[in-house]
Structures are given as C-alpha cells and as structure tokens.
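Residues per chain, in single letters:
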Amino acid sequence: MQRESDSARADLPESTADITPRWLSDALQVDVRACSVLSGHEGTTGRAELALEHDAGEALPTRLFVKLPPASVEQQAFVLESGMGAREALFYRHAAPGLPMRVPRCYVADCSEDGRRYILLLEHLADSGCLFRPASQYSLPWVRRVLSALAALHAHFWESPRFVGDLAWLQGPPFSPTGGKLLARALEQQGNLLPALFRELGELYLADPAAVHRLWREGPETVQHGDPHDGNQFLDHGQPGFLDWGVVARGPGMRDVGYFLAGTLRPEHRARVPELLAFYRDELLARGIASPPDAGALWQQYQWHAFYVWVSCACTLGAGERLQPSAFVLAALARLHPTLAAHGIADAVRAALRR
C-alpha cells in the first residue's frame, strides 16, 4: 500500500489541517471515510498521530504516525538545509523495502523536489506492541542484538552497485556550516562549566571541520542510519528496530557502531569494546562480507566515530531547547565524556588528522 511514485504529489499537505479524507483516500488508494488528529508535537520535524476510518480492513491500521515539516520557520530552515525530511521520505521509498532489519512500516512517503514539503505516514509502533527504552536496553545481550541488526543493515548495502542506481540520491553525511556555529555557541555558553575535555574536543573539531568530515568518510561504503541512539530504537518481540531515518547517509558502517557503542555502553562495559567490535565483524562475515576491516582498523574507526557522537551532542546543546532539552543533552555528555577519555578519542582523532 506504500506509495511508490518517483515524483511528488502536487498537493502535499503542509500541516495536519491539510490531511483530509479525500487526500488520504487518494494517497492510500482506499476509501477513507474520516480522519482526525489525536495529538501532535514539534521535534526536529512535525509529528502527529492520525486516526482513520476506512474500509480496508486489516490491510490498513486505524491509527498512523505522521511526519511533516515543522511549523516553526526557524526549524523549517534547519530541516531544509539538512535535507532530512526529503531524505527520510526517499529512504522509505527506495531503501526500506526488503531491508533485513525492523523499521516502521511505511504507507506513504512523498516529498517535493526542493525538500520543502514532505509527508510520511508510518506504522504506529505502540499499536504493534513495540516498546521503547526497555530496562534491558543497556545490557550486553541487548548491545549485541543491536550490533547484529546494524551488521545486517551494513552487509545488505555493502559497497552496493545501487549507489549508482536507485540509491544515487544517497550521499555522504551532509557537511553543514550550521553545525560548526552551533558547536561554537555551545563552547561559548558551556565551555567553562563542563570538563576540560569538552573544550578540547570542541576546539579540535572547529580547527578544521572539513578534515574531520573527510575522516568520517574513510572506509568501505554502505548505508548508515547515522543517529542510532537509544531514543531512535524500539523493541519488537525481543528484537531491536530503528526509526527516525532523517540523517541516513552513505559511508562507513562504523559511523553507526562507534556512535552506538560510545553513547550507550555502561561504565562497567567500556573495556568490552574490542570484544564487541569483534562480534560486529563476525556478524558481517556471517552475512557474506568476505573482507571486513580487521581488528585494528575497526578500533581506529571506532575512535573516530565516537568523536562523531560527541559532535552531535555538542551541536544539539548549542541549539538550546530547540532540538532537545538542555538537561537531557548535558546528561548524555556527562555519560559520554568518561568513555571518550578512557578510549583516547581526542588523541586518536588528532593523530589521524595529522597524517
């Protein structure tokens, strides 16, 4: 039932007020008698829950999750610059079908050519019995399940010929000057309040952001989720799934692995990273990747991409309350800094940039 057209509808809704039974009937190709917005809120994008009355039976749920451009003009500019709305719509249209990992089922994925307008009608995961942030989420068995799911994603697209075909739209992670501005703001506001490592890492990035981004592109190319923190994961009958694909990109799979491990592991599990990287490598081998990076290369890439999760957090902090509550981001940084210090992240990135 997912819309598969290659060109966007001319009447894409700009807000939930524009989502009518007639529009839904046309988009879903079923008779939708009525619809209503149950709830809505602004995050990075606009989000809402939509109730439907229709004649499609079990082929279509009676409640869907909707993603649209945000109402805020400032946030609209951010989404447009990053391309995240259009990118997520293209992901669900082209990359999600046949994916060997759990993602929300998509019923409509459409976007305008310029990326200003987009809409996603997605499975309401709570109605499917999925859970969010379960108590087991930080255990080592859960970490391995997530790494296994990421290996399935990466192996599926490993150096894929589709990157010059139907996935040619998928480029490397976007490099935006806005990120540097937000990080600089975070340093100005918090640099004297947080541990010295915060300023050291911030100045390391700001000295040459383009070089850091080039470093993050080194390695075999695959599809990266790009933002696999625990808030973008869900649990479906014991198996992890991933949502919020707005920063999906093409590049080394270690972007996901480094981000996830550095941002998730409990303090008592930090020493287990080499073992977990070996597990991820074995999962790639089991899925037919004949020559994944060796242990030394994986450790080095882990260090580089652990820096990425820090940059992401610091930029979010610089955005103030617009993207995430500052208290939440500061708590994430407090967990992250000891891991980065223990694993020598600053020295590893500095050495790589000097090559």
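What counts and what doesn't
Residues numbered from 1 in each chain as written. Predicted model: local features only at pLDDT ≥ 70, side-chain atom pairs only at ≥ 80, totals over all residues. Heavy atoms only, no water. Helix = DSSP H or I, 4+ residues; strand = E, 2+ residues; numbered from the N terminus. Rg over C-alpha atoms; globule rule 2.2 N^0.38 Å. Buried < 20%, exposed > 50% of the residue type's maximum accessible area, 1.4 Å probe, protein only. Phe/Tyr/Trp six-rings, centres within 6.5 Å; stacked < 30°, edge-to-face > 60°. Pairing = 2+ DSSP bridges.

S.K.: Please clarify how the overall build of the protein should be interpreted in this entry.
M.R.: Looking only at helices and strands, the protein features 12 helices and nine strands. For 355 residues, the compact-globule estimate of 2.2 N^0.38 gives 20 Å, and the C-alpha radius of gyration of the protein, at 20 Å, lies within 12% of that figure. Its C-alpha atoms put the protein at 60 × 45 × 40 Å along the principal axes. When each of the 355 residues of the protein is scored for burial, the buried share is 54%.

S.K.: What should I look at first to understand unusual backbone geometry in this one?
M.R.: Most peptide bonds adopt trans geometry, and most residues besides glycine take a negative phi value. The phi dihedral of His 237 is positive, around 50°, even though this residue is not glycine. In this structure, Asp 244 is a non-glycine residue whose phi angle is positive, near 55°. When you line up the elements, Asp 244 lands in the loop between β8 (239–242) and β9 (249–252).

S.K.: It is not clear to me how the packing of aromatic side chains should be interpreted in this structure. Could you clarify?
M.R.: Aromatic ring pairs: the centre-centre distance and the angle between the two ring planes describe each pair. For the coordinates displayed, the defined rule picks out 10 aromatic pairs. Between the aromatic rings of Tyr 259 and Tyr 308, the centroid separation amounts to 5.4 Å while the plane-to-plane angle is 55°, which identifies the pairing as tilted. With a gap of 49 residues between them, Tyr 259 in helix α8 (residues 254–264) and Tyr 308 in helix α10 (residues 295–318) connect regions that are remote in the sequence. On the basis of relative accessible area, Tyr 259 is assigned to the buried category, the value being 5%. A relative accessible area of 11% means that Tyr 308 is categorised as buried.

S.K.: Hey, could you run me through the pairing of strand β3 (residues 63–68) in this one?
M.R.: In summary, the side chains of a regular strand alternate between the two faces of the sheet. In terms of strand pairing, strand β2 (residues 46–54) meets β3 through six bridges, oriented antiparallel. When the sheet's bridge partners are listed, Glu 49 is paired in β3 with Phe 65. Relative to strand β5 (residues 118–123), β3 runs antiparallel, the two being bridged by four bridges. By the bridge assignment, Lys 67 is partnered in β5 with Leu 120.

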